[in-house]
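Observations on the model geometry
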Amino acid sequence: MATQHSRSAARAMMAPAVFLLLVWMLVPLILTLWFSTLDYRPLRGTFDCCEGLGNYVRFVSSSAFWDSILTTLQLLGGVLLITVVGGIGLAILLDQPIWGQGVVRILVIAPFFVMPTVSALVWKNMFMNPVNGLFAHAFKAVGLEPVDWLSQFPLFSIILIVSWQWLPFATLILLTAIQSLDSEQLEAAEMDGAGPLSRFGYITLPHLARSITVVVLIQTIFLLSIFAEIFVTTGGAFGTRTLTYLVYQRVIESQNVGLGSAGGIIAVILANIVAAILMRVVGKNLDA
Amino acid sequence: MGRITLDKVRKAFGDVEVIPPLDLRIEDGEFVVFVGPSGCGKSTLLRLIAGLEDVSGGEIRIDGTDATHLSPAKRGLAMVFQSYALYPHMTVRKNIAFPLKMAGMDKAEIDRRVDGAAKVLNLSSYIDRRPGQLSGGQRQRVAIGRAIVREPSAFLFDEPLSNLDAALRVGMRLEISELHKRLATTMIYVTHDQVEAMTMADKIVVLRAGHIEQVGSPLELYRTPRNTFVAGFIGSPKMNLIEGAEAEKHGAHTIGVRPEHFQISAEGGTWTGTIGVSEHLGSDTFFHVTVPGFAEPLTIRAGGEVDLHYGDTIHLTPDASQIHRFDAKGLRLS
Ligand SMILES: Nc1ncnc2c1ncn2[C@@H]1O[C@H](COP(=O)(O)OP(=O)(O)OP(=O)(O)O)[C@@H](O)[C@H]1O
Ligand SMILES: [Mg+2]
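Numbers given to residues run from 1 along each chain, matching the order in which its sequence is written. Chains and ligands are labelled sequentially in the order written, the chains with letters from A and the ligands with numbers from 1. Local features are withheld for residues below a pLDDT of 70 in this predicted model, meaning they are given only at 70 or higher, and side-chain atom pairs are given and counted only at 80 or more; totals for whole chains, interfaces and linings count all residues. Just so you know, side-chain values use all the structure's heavy atoms and leave hydrogens and water out.

Focus on the sheet that holds strand β16 (residues 298–303) of chain B
Strand-to-strand pairing in sheets goes through backbone hydrogen bonds, with the strands running parallel or antiparallel. Residue and element names in this part refer to chain B. Put simply, the test is: Strands are treated as partners if at least two bridges between them are detected by DSSP. Counting from the N terminus, the helices are the DSSP runs of H or I reaching at least four residues and the strands are the DSSP runs of E reaching at least two. In this analysis, axes come from line fits to C-alpha atoms, helices being fitted only over the stretch in contact, and the angle between any two N-to-C directions falls in the range 0 to 180 degrees.
If you trace the five strands from one edge of the open sheet to the other, you get β13-β17-β14-β15-β16, paired in antiparallel fashion. Pairing within the sheet leaves two strands with one partner each, and these edge strands are β13 (262–265) and β16. The average angle at which neighbouring strand axes cross in this sheet is 45 degrees, direction not considered. Here four bridges tie strand β14 (residues 271–280) to strand β17 (residues 313–318), and the two strands are oriented antiparallel to one another. Each bridged residue has a counterpart across the sheet, and for Thr272 the counterpart in β17 is His315.

Next comes the structure, spelled out in structure tokens:
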């Protein structure tokens, strides 16, 4: 019961947590905003005020910025495509009655519990290594030249690694959605003359639409900040520098805190724009 | 056309035989109702006919041709599900048009048929809504609309009215009967509602544990039930079944008298009992009468305005021509 009294008591008790959260969020944000207006290069000892928007202009006008945006979008699109399509496929497979279903399902979920750094290292050294990797062995076994994945197809390799991590998440959400589909609807469609493909296209897929949008939304938010996988594998070389990674390079490698901060703020703004657009789309989908 | 013949059709789920070999003929244009207690295999039988379940043995013929292994779509039957099974993301129009679209019909013909069905079923005012925005009765209508546009050779209904309230049920019952009269298409209708079975059917099939107990017109089943199961199942309230000495007087193991076949008197009669609970429906009154020596109380129908009450003594005389006699196995003695 929300009486006047209990409400003010609740407010009083929540206050410390809210205060902590605010400080936690606001202090770094305000600091970043402040830094972004400075010429702040710690190694050279410069800490000069009043750059104004100079850092922003410099960040945006460098060609690396647009390249990184493109890379980010490619990474995002590639991972979303693989996880959604693969997730639907896996979910349909896992929905079939098979022997040892419980164990198979747990195995499918497992990659989600592996830390990004660890999984990227495992992929890099165990699978994609051109000399010792499993892929190299497999290629040699069938008489093909081994591929140096991370230098020949660097972005694709990272997309593969990240997809592997996120596929379980997509599968899990889509599986629960598929299981909630009323089987009588499929039977009705069958009687109405719809073949397996039409049934998938007209009944199953629209039923999954909401879950797909949820998967896309949540993954987008996390994928925009992908870092460990790039750091561990290519270190941002060979056109795998995303916006997040570019900011990191500006701050840590170039030791230009002002420029990096401006990049960080731009990344925040862009992420918010993407989130707002997605919310629109998803919201529409969720209402229907 | 819609003549359906089942020849020794059998269905087992794993080791459990749900439908032992069963024969049934359904003539073109007939309204056939499957009734039986819950779990007796009515839905399973319907789904076998529809092709949604594979038979474990036997043959299903539709209009003389073997349809046992045909896919559901090729059998030319339409089904209305208990949950309606409408496609939630399509409008009413798209729902109804779906089977036609799947059949590859051209747009103009689809529109013509959908509009026709919408008019017949009074759906026109909500044709652009989605199923989620409709009431139960409206959804039911859409499901029927989706079935009739295909012009199937037979309709299959699985308890289509069980999700509706009583008043709506009566209305939809009439509409389905009217539809049957107008289309003159075979309909197979599963229900466990007495009244639906009696009022709608040309032919009732009484099932028990997958067995057909009796097939016949509603009045045949009412007048000459073949065994005690059918006797107890058809008719509402249930027929009174009396065993023991009273039955032996009639040369039977069990005798059955329907509640409506008793004469009531204050002075004297064959049996004398005490009135227990009485149910006043206005047009009728049902008394539950305890008669010494009988295992169960009798249910008696009296007129609406009888002045008898709890605890009163009542004399009952069964209508001699309306006593059903059954042997020890429960089979009817003629
Ligand atoms: N897929 C299945 N697997 C195993 N057994 C099943 C399956 N479907 C139905 N049965 C069994 O078959 C029997 C008949 O079921 P069915 O659904 O045909 O009954 P029903 O007469 O329609 O009952 P109700 O009036 O409650 O709908 C039941 O005992 C049920 O448990
Ligand atoms: Mg049923």
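The discussion continues.
Quick word on the packing of aromatic side chains
In this description, an aromatic ring pair is defined by two values, namely the gap between the centres and the angle between the planes. Stated formally: Here a Phe, Tyr or Trp ring, Trp counted by its six-membered ring, pairs with any other such ring whose centre lies within 6.5 Å, and the pair is stacked when the planes are under 30 degrees apart, edge-to-face when over 60, and tilted otherwise. Burial status follows relative accessibility: with a 1.4 Å probe on protein chains alone, a residue under 20% of its type maximum counts as buried, one over 50% as exposed, and anything between as partly exposed. Only Lys NZ and Arg CZ are tested; either one counts as a charge over a ring when it is within 6 Å of the ring centre and within 35 degrees of the ring normal.
Under the definition given, this model contains 21 aromatic pairs over all chains. Between Phe231(A) and Tyr248(A) the ring centres are 5.8 Å apart and the planes differ by 90 degrees, which places this aromatic pair in the edge-to-face class. Taken together, the residues Phe231(A) in helix α11 (residues 228–233) and Tyr248(A) in helix α12 (residues 243–253) connect sequence positions 17 residues apart. Ring geometry for Trp271(B) and Phe294(B): centres 5.1 Å apart, planes at 80 degrees, overall edge-to-face. Residue Trp271(B) is found in strand β14, and its partner Phe294(B) is found in the loop between β15 (284–290) and β16; the two are separated by 23 residues along the sequence. Neither residue differs from the other here; Trp271(B) and Phe294(B) are each classed as buried. Just above the ring of Tyr87(B) sits the side chain of Arg146(B); from NZ or CZ to the centre is 4.5 Å.

Section: the interface of chain B and chain A
Spelled out, the test is: The contact criterion used throughout is that any non-hydrogen atoms of two residues lie within 4.5 Å. Accessible area, probed at 1.4 Å, shrinks when two parts are joined; the buried area is that loss added up over both. Take a side-chain nitrogen of Lys or Arg and a carboxyl oxygen of Asp or Glu: if they are within 4 Å of each other, that pair is a salt bridge. For this analysis, a polar contact is any N or O atom pair within 3.5 Å, provided that within protein one partner can donate a hydrogen and the other can accept it, and provided that sequence-adjacent residues contribute only side-chain to side-chain pairs. Side-chain classes follow a simple rule in which Ala, Val, Leu, Ile, Met, Phe, Trp, Tyr, Cys and Pro form the nonpolar group, Asp, Glu, Lys and Arg form the charged group, and the remainder, Gly included, forms the polar group.
Contact with chain B, which involves 23 residues of that partner, is made by 16 residues of chain A. Both sides together, the interface formed by chain B and chain A hides about 1,700 Å², and carbon and sulfur atoms give 61% of it. The three residues of chain B that bury the most area against chain A are Tyr87(B), His89(B) and Met102(B), which together make up 27% of that side's buried surface. Put simply, chain B and chain A have three salt bridges between them. Joining chain B to chain A, the criterion identifies seven residue pairs in polar contact (both at pLDDT 80 or more). Secondary-structure elements contributing two or more residues to the side of chain B that touches chain A are α1 (42–50), β6 (77–80) and α2 (92–102) of chain B. Per element, the largest residue contribution to the side of chain B that touches chain A is four residues, and it comes from α2(B). Grouping the constituent residues of the side of chain B that touches chain A by class yields 15 nonpolar, three polar and five charged.

What to know about the environment of Ala302(B)
Residue and element names in this part refer to chain B. Along the polypeptide, Ala302 turns up in strand β16. Spatially, the C-alpha atoms of Ala302 and His288 are 11 Å apart, while their sequence positions differ by 14 residues. In this view, Ala302 contacts Ile264, Asp284, Thr285 and Phe287; residues no more than four positions away in its chain are not counted.

Quick notes on the site of ligand 1
Residues and elements named next belong to chain B. The condition that has to hold: For this purpose, a residue is taken to be near a molecule or strand whenever a single non-hydrogen atom of the residue falls within 4 Å of it.
In the neighbourhood of ligand 1, the contacting residues comprise Phe13, Val18, Ser38, Gly39, Cys40, Gly41, Lys42, Ser43, Thr44, Glu159 and His192. Cys40 is positioned with one of its backbone polar atoms (N or O) 3.2 Å from an oxygen atom of ligand 1. Taking Ser43, its side chain carries an N or O atom lying 2.5 Å from an oxygen atom of ligand 1. If you tally residues by element for the shell around ligand 1, the top one is α1, at three residues. Broken down by class, the residue content of the shell around ligand 1 amounts to three nonpolar, six polar and two charged.

Topic: the domain arrangement of chain B
All names here are of chain B. Quick reminder of the rule: Boundaries of every domain are those given by an automatic assignment or by a domain database.
Taken domain by domain, chain B consists of domain 1 (4–230) and domain 2 (242–333). Across the domain 1 to domain 2 interface the summed buried area is about 680 Å²; carbon plus sulfur atoms make up 53%. Ranking the residues of domain 1 by area buried against domain 2 places Tyr222, Pro225 and Thr228 at the top, with a combined share of 64%. Summed over the shared surface of domain 1 and domain 2, the result is zero salt bridges. For the interface between domain 1 and domain 2, the tally reads five residue pairs in polar contact (both at pLDDT 80 or more). The element best represented in the side of domain 1 that touches domain 2 is helix α7 (residues 218–223), accounting for three residues.

Quick word on helix α2 (residues 54–61) of chain A
All names here are of chain A. Filter applied, for reference: Throughout, the arc means the angular range of directions from the helix axis out to the C-beta atoms.
Within α2, burial applies to Asn55, Tyr56 and Phe59. In a view along the axis of α2, the buried residues occupy a sector of 100 degrees, so they form one face of it. In α2, the exposed positions angled more than 90 degrees off the buried face are occupied by Val57 and Ser61.

Looking at the pattern of salt bridges
For the structure on display, the rule yields 20 salt bridges over all chains. With a shortest N-O distance of 3.2 Å, Glu53(B) and Arg47(B) are connected by a salt bridge. Across the pair, Arg47(B) and Glu53(B) agree in class, each one buried. Via salt bridges that share partners, Glu187(A), Lys11(B), Arg47(B) and Glu53(B) belong to a single interconnected network.

Notes on the UniProt feature "domain: ABC transporter" (unreviewed entry) in chain B
Spelled out, the test is: UniProt positions are given in the numbering used here, feature names are shortened, and annotations may be inferred rather than shown by experiment.
The UniProt feature table records "domain: ABC transporter" (unreviewed entry) at residues 4–234 of chain B. A helix fraction of 36% and a strand fraction of 26% characterise residues 4–234 of chain B, whose end C-alpha atoms lie 25 Å from each other.

Quick word on the packing of helix α3 (residues 63–95) of chain A against helix α8 (residues 154–179) of chain A
Residues and elements named next belong to chain A. Applied cut-off: In what follows, roughly perpendicular refers to angles from 65 to 115 degrees, roughly parallel to angles under 35, roughly antiparallel to angles over 145, and oblique to any angle outside these ranges. Left-handed describes a crossing whose near helix is turned anticlockwise from the far helix by less than a right angle; the clockwise case is right-handed.
Taken N-terminus to C-terminus, the directions of α3 and α8 make an angle of 40 degrees; their axes are 6 Å apart at the nearest point. In this view, α3 runs oblique relative to α8, as classed from their interaxial angle. For the crossing formed where α3 meets α8, the hand is right-handed. Considered class by class, the residues forming the contact of α3 with α8 number 19 nonpolar, nine polar and one charged.

Some remarks on the nonpolar core
As a rule of thumb, soluble globular proteins bury nonpolar side chains together. Rules: In this text, buried Ala, Val, Leu, Ile, Met, Phe, Trp, Tyr and Cys residues form a nonpolar core when linked through side-chain atoms within 4.5 Å.
In terms of nonpolar packing, the biggest core is built from 45 residues, with Ile144(B), Ile176(B) and Val206(B) touching the most fellow members. Ignoring sequence-local partners within four residues, the contact set of Ile144(B) consists of Val80(B), Leu121(B), Phe157(B), Met172(B), Ile176(B) and Leu179(B).

Let's talk about the pairing of strand β11 (residues 240–243) of chain B
Residue and element names in this part refer to chain B. Side-chain alternation along β11 places Asn240 and Ile242 on a buried face and Leu241 and Glu243 on a face that remains uncovered. Bridge analysis of β11 against strand β12 (residues 254–257) gives four bridges, and the strand direction is antiparallel. Counted as the bridge partner of Leu241 is Gly256 from β12.

Some words on the environment of Thr91(B)
All names here are of chain B. Residue placement: Thr91 occurs in the loop between β6 and α2. Residue class for Thr91 comes out buried when judged on its relative accessible area of 19%. The spacing of Thr91 and Thr185 is 94 residues in sequence and 27 Å in space, taken between C-alpha atoms. Excluding residues that lie within four positions of it along the chain, Thr91 makes contacts with Ile127, Asp128, Arg129 and Arg130.

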